[in-house]
Amino acid sequence: MNGVERLRALALRGLLALPRRVQRVLAGRPVVLDGQTLDVETQLMLRLQKVAREPAVESLPIPAGRRALARQSALVGGRQPIGRVRDDVVAGVPARLYEPSGVGGVAPLLVFFHGGGFIYGDLDSHDAVCRFLAERAGVRIVSVDYRLAPEARFPAAYDECVNAYAEVLKRADEWQADPDRIGVGGDSAGGNLAAGVAIEAAQQGWPCALQLLVYPMTDAASDTRSKRLFSEGFYLTRRFRELATDTYTPDPATRTDPRVSPLLADLPPDLAPAFVVTAGFDPLRDEGEAYAERLRGAGVAVEAVRHPHLIHGFLNMVGVGSSARAAVAGIADALRAGLVR
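Residues numbered from 1 in each chain as written. Predicted model: local features only at pLDDT ≥ 70, side-chain atom pairs only at ≥ 80, totals over all residues. Heavy atoms only, no water.

A. Geometry of the nonpolar core. By size, the foremost hydrophobic cluster in this structure holds 63 residues, and its most contacted members are Leu109, Phe113 and Tyr165. Top element by residues in this core is helix α7 (residues 189-204). It accounts for 9 residues. If we ignore the near neighbours within four places in the chain, the residues touching tyrosine 165 are Val111, Ile182, Gly183, Val184, Val197, Ala201, Trp206, Pro207 and Cys208. In this structure, Leu46, Phe132, Ala327 and Ala329 belong to the second largest nonpolar core, which totals 51 residues. (Core = buried A, V, L, I, M, F, W, Y, C linked by side-chain atoms within 4.5 Å. Buried < 20%, exposed > 50% of the residue type's maximum accessible area, 1.4 Å probe, protein only. Helix = DSSP H or I, 4+ residues; strand = E, 2+ residues; numbered from the N terminus. Contact = heavy atoms within 4.5 Å.)

This is the structure:
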């Protein structure tokens, strides 16, 4: 982060530290939609982005969009404390191991896949949230940097994530990971990949103690009410979703493949317990909640939590304000409850 970006981060943190009544004046009238009121911090951030004429990442060529998303992630993620971080390679792709303070010996481990529509994101875009989750939950995290489209279209990301999970299981001793307390997780596109890996693990008889799915994309083929309601103005736009879908799965026939749309999969027995998180002002809200219900109907132990006042992308916002950070703290606590036992 250069000097200008540091100043922007300081200014944003300062604005979000103001009293709520002052934030409300700056943000404007409350946004109420579908019986939900948008969080004032989130509304203020969206307004500031508009006033600053910050281009949407999907409006840029993909390489420039990747750089813009990285800048945005650094801006809202901050520098989170962690015991130790080590870069590695897992199944031929870059990975990063997060070791929380005070955790030694054999311990739980989460294999994490970042979001970004299969075309954006990397280890750095989700570095802050991985640090935060690992440190608060007391769980080691291996973040996997699968290849992106258009350079690597479907099924590349799916295959690489399955292979990465399989290798983590083989290397559990190296990372002092308890094989009975290894889980998988991710957000958005990463939540989609985590759901797919959990299904594959059940089919193969691999250990998987938890699937942590944060606003997962579960159905690339269908329209939903939330996609229509929140298609503009709440970060994840229709244009973003269409670009991601067209780039990762240019052949429409592949969008009903269960490796792309886990909501359409035949769910095997012995699927890992799931913690499914959605955001109220998120186009992916309904399909995430539909997947939670589908899992529950298949006999999977499911806890589903909706944060009705937040938007898609809140997982990355651990370095500014308090609303998103509190929601992510709840996710970390669920991760701890699911793996530290």
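B. A look at the pattern of salt bridges. If you walk through the whole model with that rule in mind, you get 25 salt bridges. For arginine 285, the salt bridge is made with aspartate 34, and the minimal N-O distance between the two is 2.9 Å. One end of the pair, arginine 285, is in helix α10 (residues 285-297); the other, aspartate 34, is in the loop between β1 (32-33) and β2 (36-37), and 251 residues separate them in sequence. Residue classification places aspartate 34 among the partly exposed positions, given a relative accessible area of 29%. Between glutamate 99 and arginine 140 there is a salt bridge, and its shortest N-O distance comes to 3.3 Å. With a gap of 41 residues between them, glutamate 99 in strand β4 (residues 93-99) and arginine 140 in strand β6 (residues 140-144) connect regions that are remote in the sequence. Given the relative accessible area of 1%, arginine 140 is considered buried. Linked through salt bridges whose partners overlap, the residues forming this network are Arg86, Asp88, Glu167, Arg171 and Glu174. (Salt bridge = Lys/Arg side-chain N within 4 Å of Asp/Glu carboxyl O.)

C. Highlighting the sheet that holds strand β5 (residues 107-113). Pairing within the open sheet is mixed, and its 8 strands lie in the order β3-β4-β6-β5-β7-β8-β9-β10. Each edge of the open sheet is held by one strand with a lone partner, namely β3 (84-90) and β10 (302-311). Pairs of neighbouring strands in the sheet enclose a mean axial angle of 20°, with direction left out of account. Of the strands in this sheet, β3, β4, β5 and β6 are in contact with helix α5 (residues 127-137), which crosses β4 at around 35°. Seen against the sheet, α10 touches β8 (211-214), β9 (274-281) and β10 and runs at an angle of roughly 155° to β9. (Pairing = 2+ DSSP bridges. Axes fitted to C-alpha atoms, helices over the stretch in contact; angles between N-to-C directions.)

D. View of the packing of aromatic side chains. Taken as a whole and judged by the stated rule, the model has 7 aromatic pairs. The interplanar angle of 75° and the centroid separation of 5.5 Å between the aromatic rings of tyrosine 215 and phenylalanine 314 together place this pair among those described as edge-to-face. Linking tyrosine 215 in the loop between β8 and α8 (225-229) with phenylalanine 314 in the loop between β10 and α11 (323-339), this pair joins segments that are 99 residues apart in sequence. For tyrosine 215, a relative accessible area of 1% corresponds to the buried category. Exposure remark for phenylalanine 314: the relative accessible area of 1% places this residue in the buried category. Where phenylalanine 230 meets phenylalanine 281, the ring centres are 5.5 Å apart and the plane angle is 55°; that geometry is what we call tilted. One end of the pair, phenylalanine 230, is in the loop between α8 and α9 (238-248); the other, phenylalanine 281, is in strand β9, and 51 residues separate them in sequence. (Phe/Tyr/Trp six-rings, centres within 6.5 Å; stacked < 30°, edge-to-face > 60°.)

E. Here's a closer look at unusual backbone geometry. Following alanine 149, the chain continues into proline 150 via a peptide bond in cis, with omega recorded as 10°. Mapped onto the elements of the fold, proline 150 is located in the loop between β6 and α6 (156-170). With an omega dihedral of 10°, the bond running from phenylalanine 154 to proline 155 counts as a cis peptide bond. If you check the backbone angles, tyrosine 215 has positive phi at about 30° while not being a glycine. Of note, tyrosine 235 is a non-glycine position whose phi angle comes to about 80°, a positive value. Here tyrosine 235 shows up in the loop between α8 and α9.

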